[in-house]
Amino acid sequence: MMDWTDRHCRRFLRLLAPRALLYTEMIVANAVVRGDRARLLGQDSRDQPVALQLGGSDPAVLAAAARIGIDFGYAEINLNVGCPSERVQDAEFGACLMADAPRVADCVAAMRSAVAVPVTVKCRTGIDDHDSYEFLARFVETVAAAGCRTFIVHARKALLGGLTPRQNREIPPLHHETVWRLKGDLPHLSIVVNGGICSVATAEAQWPHADGVMVGREAYHNPYFIGLLDRLAWPAGAPPLPEPADVVETLRPYVAEHVGRGDRLHAITRHMLGLYAHRPGARAFRRVLSELGSRSGADFAVLEAAVAAAEGTPRLRTTA
Ligand SMILES: Cc1cc2nc3c(=O)[nH]c(=O)nc-3n(C[C@H](O)[C@H](O)[C@H](O)COP(=O)(O)O)c2cc1C
C-alpha cells in the first residue's frame, strides 16, 4: 500500500507475522530502471518473503525492473492492475489495464522470461461498465495463458472516472463470491481474495473458496490481525504472538541503526501507531508516539516512553 507498506512497516509487521507474504508499495517500473534503486528497493533481508509490486505497462521496462528486483532479493514480482488513480491512468497502467488483457499478458510474458520467481497479478473484479463475471474470467484466462499462475483479486470493481482512489476502496460494493466463482471455474490457478477482510471470521469464510487472503487496511491499523491470520494459516510450529513491549524491544537495534544513519524516528514509528489497538493503553501509546516521535533528535527513548505510557494504564479498574 503506497506510503504505508514501506521497508520500515514491513520490518515491523514481520515481527508479528513470521510467514505471511508481505508486499511492497506499488513502485513504478520506470523509476526502478532510471531512479535511485537502493532507495526504492532496499530492504532488510530478514523480511523475506516479500513480493515487489510494480506499476507499468511497457513489457521491456517491466522486465528490466523485475530483474533489478531480483537483485534486491524479492521473492515474487507482482503487477498492479488495480490502482485507479488519475495519475496512474494517465500513464496507462494500473486498473485501466484490465481493458487490455493482451497487453497485460505481454507484460507478464516479458517479466517471466526475465526472472525465475513467480510473476503474479493483482487486479479488480472489473472496471466501469466492464463488470460482468465473463469479463473478469476472460481477463484472467488471457493473462494466465502467458504463464501467470496467481491472481490477487480485489473483490470490487474500480470506477475510473470521478472517484478518488480512497472512494474506489469504499464505494463500489464488495463481491467476494465473484472471486470464489473464479476459483471454482479455474481451479488450476491460485486465486487470492482481497477487500474488506477485517475479522478472523471474514477471513475464515474465504478459506474454502480461495487459495489465500490478502489483508490491507485492517492489518495496517491493527497489526495483531495479520499476526493472528499468520497463525491460523500455518498452525504448525507457530511461535507465540509476542507482546507489544517485546515487539518494541526487538526493534531496538533496528531503530538505533536507522536513526543513527539519519532517518527520522517518525519514519519508523508512524507505522506502529496500531501496536496496542484494542488493548488498554492504545491511546496513550499513540499520543506519545505522535507528540514526540517526529521531533528532531527523537530516538528509541520515545518508543520506550510510549510503551511505559501504554503499560502504565491500569488493566482492571475496581471500585473496591
Ligand atoms: C493507503 C493505501 C494505499 C494503497 N496502495 C496500494 C498499492 O500500492 N498497490 C495495490 O495493489 N493496492 C494498494 N492499495 C489497495 C489495497 O492493497 C487493497 O487492495 C484495498 O485496500 C482493499 O483491501 P483491504 O480492504 O484489506 O484494505 C492501497 C490501499 C490503501 C489504503
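Residues numbered from 1 in each chain as written. Predicted model: local features only at pLDDT ≥ 70, side-chain atom pairs only at ≥ 80, totals over all residues.

**Focus on the overall build of the chain**
Phase 1 of the analysis: A tally of helices and strands in the chain yields 16 helices and seven strands.
Phase 2 of the analysis: On C-alpha atoms alone, the chain measures out to a radius of gyration of 20 Å, which is about the 20 Å that the 2.2 N^0.38 rule sets for 320 residues.
Phase 3 of the analysis: Considering only C-alpha atoms, the chain reaches an extent of 65 × 45 × 45 Å along its principal axes.
Phase 4 of the analysis: By the burial criterion, 41% of the 320 residues in the chain qualify as buried.
Phase 5 of the analysis: Long-range pairs, those at least 24 residues apart, make up 70% of the contacts in the chain between residues at least 6 apart in sequence. (Helix = DSSP H or I, 4+ residues; strand = E, 2+ residues; numbered from the N terminus. Rg over C-alpha atoms; globule rule 2.2 N^0.38 Å. Buried ≥ 20, exposed ≤ 12 C-beta atoms within 10 Å, placed from the backbone. Contact = placed C-beta atoms within 7 Å.)

**A word on helix H6 (residues 101-114)**
Phase 1 of the analysis: For H6, with 14 residues, the first-to-last C-alpha span of 20 Å sits near the 20 Å given by 1.5 Å per residue.
Phase 2 of the analysis: Considered for burial, the residues of H6 that qualify are Ala101, Val104, Ala105, Cys107, Val108, Met111 and Ala114.
Phase 3 of the analysis: Summarising the contacts, the buried residues of H6 are in contact with helix H4 (59-71), strand E3 (76-81), strand E4 (119-124) and helix H7 (133-144). (Expected span 1.5 Å × (residues − 1).)

**Comments concerning the site of the ligand**
Phase 1 of the analysis: Close contacts around the ligand come from 21 residues, with Met1, Met2, Met26, Gly216 and Arg217 the closest.
Phase 2 of the analysis: When residues of the shell around the ligand are traced back to their parent elements, those giving at least two are strand E1 (22-28) and helix H10 (217-221).
Phase 3 of the analysis: When its residues are assigned to classes, the shell around the ligand shows seven nonpolar, eight polar and six charged. (Near = placed C-beta within 6 Å. Nonpolar A, V, L, I, M, F, W, Y, C, P; charged D, E, K, R; others polar.)

**Considering the sheet that holds E3**
Phase 1 of the analysis: Spatially, the seven strands line up as an open sheet ordered E1-E2-E3-E4-E5-E6-E7, and their pairing is parallel. Unpaired on one side and paired on the other, E1 and strand E7 (212-214) mark the two borders of the sheet. The average angle at which neighbouring strand axes cross in this sheet is 25 degrees, direction not considered.
Phase 2 of the analysis: Strand direction decides the pairing type here: strand E5 (residues 150-154) and strand E6 (residues 190-194), joined by five bridges, are parallel. Directly across from His154, in E6, lies its bridge partner Asn194.
Phase 3 of the analysis: Packing against the sheet, H6 makes contact with E3 and E4, and its axis sits at approximately 155 degrees to E4.
Phase 4 of the analysis: Sheet strands in contact with helix H8 (residues 176-185) are E5 and E6, and its direction is about 175 degrees off that of E6. (Pairing = 2+ DSSP bridges. Axes fitted to C-alpha atoms, helices over the stretch in contact; angles between N-to-C directions.)

**Quick word on the domain arrangement of the chain**
Phase 1 of the analysis: When cut into domains, the chain gives domain 1 (7-233) and domain 2 (244-311).
Phase 2 of the analysis: Just the C-alpha atoms count here: the centres of domain 1 and domain 2 sit 30 Å apart.
Phase 3 of the analysis: Taken together, the contacts link 11 residues of domain 1 with 12 residues of domain 2.
Phase 4 of the analysis: Mapped by element, the contributors of at least two residues to the side of domain 1 that touches domain 2 are helix H1 (7-16) and H10.
Phase 5 of the analysis: With six residues, the top contributor of residues to the side of domain 1 that touches domain 2 is H1. (Domains from an automatic or database assignment.)

**What about unusual backbone geometry?**
Phase 1 of the analysis: Across the junction of Gln48 and Pro49, the peptide omega takes the value 5 degrees, indicating a cis bond.
Phase 2 of the analysis: Residue position: Pro49 is located in the loop between helix H3 (37-41) and strand E2 (50-55).
Phase 3 of the analysis: One non-glycine residue, Asp3, adopts positive backbone phi at about 75 degrees.
Phase 4 of the analysis: Residue classification places Asp3 among the exposed positions, given that 8 C-beta atoms sit within 10 Å.

**A closer look at the packing of H6 against H7**
Phase 1 of the analysis: Packing of H6 against H7 brings their axes to within 8 Å, and their N-to-C directions diverge by 30 degrees. As summarised for this structure, H6 and H7 are arranged roughly parallel, according to the angle between their axes. In this structure, the crossing between H6 and H7 has a hand that is right-handed. Between H6 and H7, the residues in contact are Ala101, Pro102, Val104, Ala105 and Val108 and Arg138, Phe139, Thr142 and Val143, respectively. (Parallel < 35°, antiparallel > 145°, perpendicular 65-115°, else oblique. Left-handed = near helix turned anticlockwise from the far one by under 90°.)

**Side note on the packing of H7 against H8**
The geometry of a pair of packed helices is captured by two quantities: the angle between their axes and the separation between those axes.
Phase 1 of the analysis: H8 packs onto H7 with a crossing angle of 50 degrees between their chain directions and a minimal axis gap of 11 Å. Judged on the interaxial angle alone, H8 and H7 are oblique. Handedness of the crossing formed by H7 with H8: right-handed. Residues Tyr133, Leu136, Ala137 and Val140 of H7 form the contact with H8, whose own contacting residues are Thr178, Arg181, Leu182 and Asp185.
Phase 2 of the analysis: The residue makeup of the contact of H7 with H8, split by class, is five nonpolar, one polar and two charged.

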